[in-house]
Amino acid sequence: MKKKKIIFRILTGIILLSIISGGIAYYYLFYPQFHPPKTVYIYVDRDDTADSIYNKVKKIGYAGNLIGFKWLSRYKKPAFEIHTGRYAIRPKDNAYHVFSRLYRGYQEPVNLTIGSVRTLDRLAGSVGKQLMIDSAEIARQMFDPTFLIQIGYTNATLPCLFIPDTYQVYWNMSVEEFFKRMQKEHERFWNDKRLAQASALGMAPIEICTLASIVEEETNNNEEKPMVAGLYMNRLHMNMPLQADPTVKFALQDFALRRISNENLQIDSPYNTYINTGLPPGPIRIATKKGIESVLNYTKHDYIYMCAKEDFSGTHNFASNYADHMINARKYWKALNERKIFK
C-alpha cells in the first residue's frame, strides 16, 4: 500500500511537472509575444547571421519577450539556413509563427515601382533603393552588350523594355529574375491588339516607345498628348525633321534647359532631331502607358508646328504653316524675355 502511494505521488508529480512545463512552453512559443501597432517588416540580406536576425526581430517586433524565439533558434541552429527576404511580424504573432516564417523563407512581397525616368542610370538607382539588388548590379546588366543581344535590345533601345507601373515582387529577387519579370510585363502590355495597332501604323513597338518618349517630354497634359503625337506622325510621313527640343536636351544630357539656343542645335548627335530626320536611336525617357497609347491612337490633323503657350500652362499652340507658327513663337519668346529666362 505504501509502495502504491509512492508511485502515485511520483506519477502525480510527473504529470504536474509536465503540465507546468507544457504551460511554460505554450506561453513562450504559442502565446502572442509580438505587439507592434501594425504589421512591421524585417529585411534579411546576404550579410545577415542568426544573431543579426535575432537583433532585427528584437528591435522591430515590439516583443514582450523572445525566450521562445531563442529556444527555437538554438534547437534549429545546426540546420538553420538564412533565407533572404522581407518578413512580416503582425500584431499578436507568437514566437513559433515568426520563427517559422524566417526558417522556411515564407516572405512577403513588396511593391516595386518602375517610373518614367530619363536615363537607365536613374532607373538602376531607383530599383536598387527598392530591392535587395545593388544598383551597380542592375547597371552592369543594363550595359552588358552580350546580355542586351540575348534579350533583343541595344543600350539605346533598352528603355523600351520597361513599362512604368507598380509590381508585386519579392524583395530578394535576383538581377536575372528582375529582367525576366520586366520581359513578362512587357509581353503582357504588348498584347495582340497593341501589336496590331503598331503594325497598322507601319511601326515596331520600339519605334512607338521612342516617339511616345518625345511626346511625353513635350507635354505633361494627357489630353494634349495624342495631338502632339499626331503632329510628329505628320512630320515623319513628310520625311520632315522632328525638330523636337527634348531630343536636343537628351543629346546634351542637360534636362534643365528651358530655352534652346542655336549653339545647342548644332550638337553632333543622332539624338539631335534638328539635323537628323526620322526617329532618334531610342527613347529619351521610359515612356508611360499613356504616352504609348497616345501614339497608337494619335489624333489625325494637319498640324506640323507647335510652340509652348505664352501663359506657361504646359500646353501648346499648333499651326499648319510656318507663318502662323512664327506668330505663336514670337508670343512665347516675348514671355520668356519678360521673365528673363535666357537658357
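Residues numbered from 1 in each chain as written. Predicted model: local features only at pLDDT ≥ 70, side-chain atom pairs only at ≥ 80, totals over all residues. Heavy atoms only, no water.

Caption draft 1: Broad picture of the state of the cysteines. Enumeration according to the criterion identifies zero disulfides in this entry. Cysteine Cys 209 shares no disulfide, and the gap to the nearest cysteine sulfur, in Cys 160, comes to 4.3 Å. (Disulfide = S-S within 2.5 Å.)

Caption draft 2: Just the packing of helix H6 (residues 135-142) against helix H8 (residues 175-189), in detail. Running from amino to carboxyl end, H6 crosses H8 at an angle of 60°, the nearest separation of the two axes being 10 Å. Looking at the two axes, H6 sits oblique to H8. In terms of crossing hand, the pair formed by H6 and H8 is right-handed. Of the residues in H8, those touching H6 at Glu 137, Ile 138, Gln 141 and Met 142 are Val 175, Glu 176, Phe 178 and Phe 179. In the contact of H6 with H8, the residues fall into five nonpolar, one polar and two charged. (Axes fitted to C-alpha atoms, helices over the stretch in contact; angles between N-to-C directions. Helix = DSSP H or I, 4+ residues; strand = E, 2+ residues; numbered from the N terminus. Parallel < 35°, antiparallel > 145°, perpendicular 65-115°, else oblique. Left-handed = near helix turned anticlockwise from the far one by under 90°. Contact = heavy atoms within 4.5 Å. Nonpolar A, V, L, I, M, F, W, Y, C, P; charged D, E, K, R; others polar.)

Caption draft 3: Region of the structure containing the UniProt feature "site: Important for catalytic activity" (unreviewed entry) in the chain. UniProt records the feature "site: Important for catalytic activity" (unreviewed entry) at Glu 218, using the numbering of this structure. Tracing the chain through its elements places Glu 218 in helix H10 (residues 205-218). What Glu 218 contacts, discounting residues up to four positions off in sequence, is Val 228, Tyr 232, Ala 244, Asp 245, Pro 246, Met 306 and His 316. (UniProt positions renumbered as here; feature names shortened; annotations may be inferred.)

Caption draft 4: View of the layout of surface pockets. The space that makes up the largest pocket amounts to roughly 1300 Å³. Of all the elements in the fold, those that place two or more residues in the lining of the largest pocket are H10, helix H11 (225-237), helix H12 (245-252), strand E5 (305-308) and helix H14 (322-338). Here the element with the most residues in the lining of the largest pocket is H14; it accounts for seven residues. Its residues assigned to classes, the lining of the largest pocket comprises 22 nonpolar, ten polar and eleven charged. (1 Å grid on protein atoms, 1.4 Å probe; cavity = no way out; pocket = protein on both sides within 12 Å on 5 of 7 lines; lining within 4 Å. Points joined across faces, edges and corners; volume = space filled by probe spheres on them.)

Caption draft 5: Structural detail: the side chain of Asp 93. Here Asp 93 is to be found in the loop between strand E2 (85-89) and helix H4 (95-104). Non-local contacts of Asp 93, meaning those with residues more than four positions away in its chain, are made with Pro 32, Gln 33, Phe 34, Ala 88, Val 98 and Arg 101.

Caption draft 6: Geometry of the packing of H10 against H11. Two elements in contact, H10 and H11, have axes separated by 9 Å at closest approach and are oriented at 130°. The angle between the axes of H10 and H11 places the two elements in the oblique class. The way H10 lies across H11 gives a crossing that is right-handed. Residues Leu 211, Ile 214, Val 215, Glu 216 and Glu 218 of H10 form the contact with H11, whose own contacting residues are Lys 225, Val 228, Ala 229, Tyr 232, Met 233 and Leu 236.

Caption draft 7: Representation of the pattern of salt bridges within the structure. All chains considered together, the criterion is met by eleven salt bridges. Among the ionic pairs, Glu 185 bridges to Arg 181, the shortest N-O distance being 2.8 Å. In this pair, Glu 185 and Arg 181 are both assigned in helix H8, four residues apart and thus about one turn of the helix distant. On the basis of relative accessible area, Glu 185 is assigned to the buried category, the value being 8%. Exposure remark for Arg 181: the relative accessible area of 21% places this residue in the partly exposed category. For Glu 217, the salt bridge goes to Arg 285, with nearest N and O atoms at 2.3 Å. Placement of Glu 217 in helix H10 and of Arg 285 in the loop between H12 and helix H13 (289-296) is noted, with a sequence separation of 68 residues between them. Glu 217 gets classed as buried once you look at its relative accessible area, which sits at 19%. The network of salt bridges with shared partners includes Arg 118, Glu 217 and Arg 285. (Salt bridge = Lys/Arg side-chain N within 4 Å of Asp/Glu carboxyl O. Buried < 20%, exposed > 50% of the residue type's maximum accessible area, 1.4 Å probe, protein only.)

Caption draft 8: The arrangement of the environment of Glu 293 in detail. Inspection of the secondary structure puts Glu 293 in helix H13. For Glu 293 and Arg 194, which are 99 residues apart along the polypeptide, the C-alpha to C-alpha distance reads 8.7 Å.

Caption draft 9: Quick look at the packing of aromatic side chains. Enumeration according to the criterion identifies 14 aromatic pairs in this entry. Summarising the aromatic geometry, the rings of Phe 69 and Phe 99 are spaced 5.6 Å apart at their centres and angled 80° between planes, so their arrangement reads as edge-to-face. Of this pair, Phe 69 sits in helix H3 (residues 67-76) while Phe 99 sits in helix H4, and the two are 30 residues apart along the sequence. Since its relative accessible area comes to 3%, Phe 99 is described here as buried. Between Phe 250 and Tyr 271, the ring centres sit 4.8 Å apart and the planes meet at 50°, which makes this aromatic pair tilted. Residue Phe 250 is found in helix H12, and its partner Tyr 271 is found in the loop between H12 and H13; the two are separated by 21 residues along the sequence. Grouping aromatic residues by their ring pairs yields a cluster made of Tyr 54, Phe 69, Phe 99 and Tyr 103. Positioned above the aromatic ring of Phe 189, the side-chain terminus of Arg 194 is 4.0 Å from the ring centre. Directly above the ring of Tyr 298 sits Lys 300, whose terminal nitrogen or CZ lies 4.7 Å from the centroid. (Phe/Tyr/Trp six-rings, centres within 6.5 Å; stacked < 30°, edge-to-face > 60°. Lys NZ or Arg CZ within 6 Å of the ring centre and 35° of its normal.)

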